[in-house]
Amino acid sequence: MGATLIDGKACAAAVESGLVSRIAALGAAPHLAVVIVGDDPASHVYVGAKERACERLGIRSTRIDLPVDTPFDDVVATVEALNADSDVNGILVQSPLPDGMDEIAITGLIDPIKDVDGFHAENLGRLVQGDTTGLLPCTPAGVMRMLEWAGVNLSGKNAVVLGRSRIVGMPQALLLAQKGADATVTIAHSRTEDIASVCRDADVIIAAVGRPEMVRPDWVKSGSTVIDVGVNRVEDESEKGYHLSGDVHADVVDVAGAMSPVPGGVGPMTIAMLMENTVRATEMQR
Ligand code: NAP
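Conventions we followed
- Residues numbered from 1 in each chain as written.
- Predicted model: local features only at pLDDT ≥ 70, side-chain atom pairs only at ≥ 80, totals over all residues.
- Heavy atoms only, no water.
- Helix = DSSP H or I, 4+ residues; strand = E, 2+ residues; numbered from the N terminus.
- Rg over C-alpha atoms; globule rule 2.2 N^0.38 Å.
- Areas by Shrake-Rupley, 256 points an atom, 1.4 Å probe, with all protein chains shown as cover.
- Lys, Arg positive; Asp, Glu negative; His and termini not counted.
- Charge placed at Lys NZ, Arg CZ, Asp CG, Glu CD.
- Axes fitted to C-alpha atoms, helices over the stretch in contact; angles between N-to-C directions.
- Parallel < 35°, antiparallel > 145°, perpendicular 65-115°, else oblique.
- Contact = heavy atoms within 4.5 Å.
- Pairing = 2+ DSSP bridges.
- Left-handed = near helix turned anticlockwise from the far one by under 90°.
- Nonpolar A, V, L, I, M, F, W, Y, C, P; charged D, E, K, R; others polar.
- Near = heavy atom within 4 Å.
- Polar contact = N/O pair within 3.5 Å; in protein donor to acceptor, adjacent residues only side chain to side chain.
- Domains from an automatic or database assignment.
- Buried < 20%, exposed > 50% of the residue type's maximum accessible area, 1.4 Å probe, protein only.
- 1 Å grid on protein atoms, 1.4 Å probe; cavity = no way out; pocket = protein on both sides within 12 Å on 5 of 7 lines; lining within 4 Å.
- Points joined across faces, edges and corners; volume = space filled by probe spheres on them.

Let us look at the overall build of the protein chain. Scanning the protein chain for helices and strands turns up nine helices and 11 strands. Its C-alpha radius of gyration of 19 Å places the protein chain within 12% of the 19 Å reference for a compact globule of 286 residues. With the C-alpha coordinates aligned to their principal axes, the bounding extent of the protein chain is approximately 50 × 45 × 35 Å. Roughly 13200 Å² of accessible area belongs to the protein chain as shown, and the carbon and sulfur atoms make up 52% of that amount. Placing the 23 positive and 39 negative side-chain charges of the protein chain at their respective mean positions leaves the two points 5 Å apart.

What follows is about the packing of helix H6 (residues 138–149) against helix H9 (residues 266–285). Packed helix pairs are characterised by how far apart their axes lie and by the angle those axes make with each other. Where H6 contacts H9, the axes come no closer than 8 Å and their chain directions differ by 110 degrees. With respect to H9, the element H6 is oriented roughly perpendicular. The segment H6 lies against H9, with Cys138, Thr139, Ala141, Gly142, Val143, Arg145 and Met146 engaging Val266, Met269, Thr270, Met273, Leu274, Glu276 and Asn277.

On to the pairing of strand S9 (residues 232–235), then. Bridging between S9 and strand S10 (residues 242–245) involves four bridges; their strand directions are antiparallel. By the bridge assignment, Asn232 is partnered in S10 with Ser245. The loop that links S9 with its antiparallel partner S10 comprises six residues; one of these, Gly241, has a positive phi angle of about 90 degrees.

Close contact between helix H2 (residues 41–57) and H9 brings their axes to 10 Å; oriented N to C, the two are set at 55 degrees. In terms of orientation, H2 lies oblique with respect to H9. Here H2 runs over H9; the crossing is right-handed. Contacts from Ala49, Lys50, Ala53, Cys54 and Leu57 of H2 reach H9 at Ile271, Leu274 and Met275. Here the residues of the contact of H2 with H9 are counted per class, giving seven nonpolar, no polar and one charged.

Taken together, 21 residues sit near the ligand, with Arg164, Ser165, Ser190, Val231 and Thr270 positioned nearest. Between Asn232 and the ligand, the recorded distance is 3.3 Å, taken from a side-chain N or O atom to an oxygen atom. The contact in question runs from an oxygen atom of the ligand to an N or O atom on the side chain of Thr270, over 2.8 Å. Coverage of the ligand by the protein chains reaches 70% of its 930 Å² of free accessible surface. With three residues, H9 is the largest single contributor of residues to the shell around the ligand. When its residues are assigned to classes, the shell around the ligand shows nine nonpolar, 10 polar and two charged.

Turning our eyes to something else, we now look at the side chain of Asn89. Inspection of the secondary structure puts Asn89 in the loop between helix H3 (72–84) and strand S4 (90–93). Look past the residues within four positions of Asn89 in its chain and what remains in contact with it is Ala29, Pro30, His31, Ile113, Lys114, Ala281, Thr282, Gln285 and Arg286.

Another point: the domain arrangement of the protein chain. Each assigned domain of the protein chain is listed here: domain 1 (27–113) and domain 2 (137–268). Of note, the centres of domain 1 and domain 2, computed from C-alpha atoms alone, are 27 Å apart.

Turning our eyes to something else, we now look at helix H7 (residues 169–177). An α-helical turn contains 3.6 residues, so any two residues separated by three or four positions project in the same direction. For H7, the complete set of buried residues consists of Gly169, Pro171, Gln172, Ala173, Leu175 and Leu176. Buried residues along H7 sit in contact with helix H5 (121–128), H6, strand S5 (158–162), strand S6 (184–188) and strand S7 (204–207).

Moving on: the layout of surface pockets. Over the atoms, a rolling probe the size of a water molecule traces out where space has been left empty. Approximately 420 Å³ is the volume attributed to the second largest pocket. Around the second largest pocket, the lining is made up of 21 residues, and of these Leu136, Met144, Arg145, Glu148 and Gln178 lie nearest the centre. In the lining of the second largest pocket, the residues fall into eight nonpolar, eight polar and five charged.

One open sheet accounts for six strands, arranged S1-S11-S8-S7-S5-S6; its pairing is parallel. Every interior strand has two partners, whereas the edge strands, strand S1 (4–5) and S6, have only one. As paired elements, S5 and S6 share five bridges and run parallel to each other. Across the sheet, Asn158 pairs through a bridge with Thr184, a residue of S6.

Dropping the structure here:
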């Protein structure tokens, strides 16, 4: 028996359709500004997908492309101008920034009420305090929405989060452990000993490590739920020269009870949650 597919595209479509009436109720369309520094090809793909989602929903989007050698102070000035512009409701600075540019410092400059990525310390701090009504980081919030949509009961269950990054693993663990979700959470990382046996105890595994196919079938308890956040470019002999792989081996489908695919899992949910945050930010500002 193969795992049930947790279809992120379908779940994202449901999130987007729930936004239509909220956007209409706003009167004027929300406005998202996306700043992209440099020419990282994957970043351009992600920003293109975000722009298309805005178009689908009638959200205005403005893209500010800055060259890779833009001085730090100019990026700061760009963010500050967007903060001051009352016509802009959401600001996103696409990660990664060029080598050596302090991403946390830039994130900290974004007005928290326009911080649609949910990475500002004020928004993350609210999450630590157990308040999930603000702007939540899109990828972990998207995972929570997918789990709810798929009917996965988290209460009292063992959830293992692989990865402890600021943008995925840590906020993911907080969201799983919050009151109402009520999972018992283990965070595993590169120093975790015998990560396979940690995973074998899990009812739910969220893999966010950036290591292609790291989670093997013999790491997974039969019937558990596996969410694959990973998006890894793996070089191959194809015309494109690479394919995308998740952090979970495809054969896990034979062991898990439910599993999200890559692509078509967490990726579309991240974008849907960005749209939701943009609408939420606009509602809060009005
Ligand atoms: P990151 O900042 O590089 O963090 C990776 C985490 O994985 C770190 O905590 C690291 O541990 C841990 N790790 C690395 N190798 C490990 C190993 N062999 N065993 C155990 N833990 C290990 O990455 P990220 O930004 O969180 O992203 C993770 C993955 O999710 C990437 O593939 C990324 O492309 C993908 N992603 C997808 C979306 C989406 O929308 N689908 C959004 C964001 C990210 P240490 O802390 O000990 O170094």
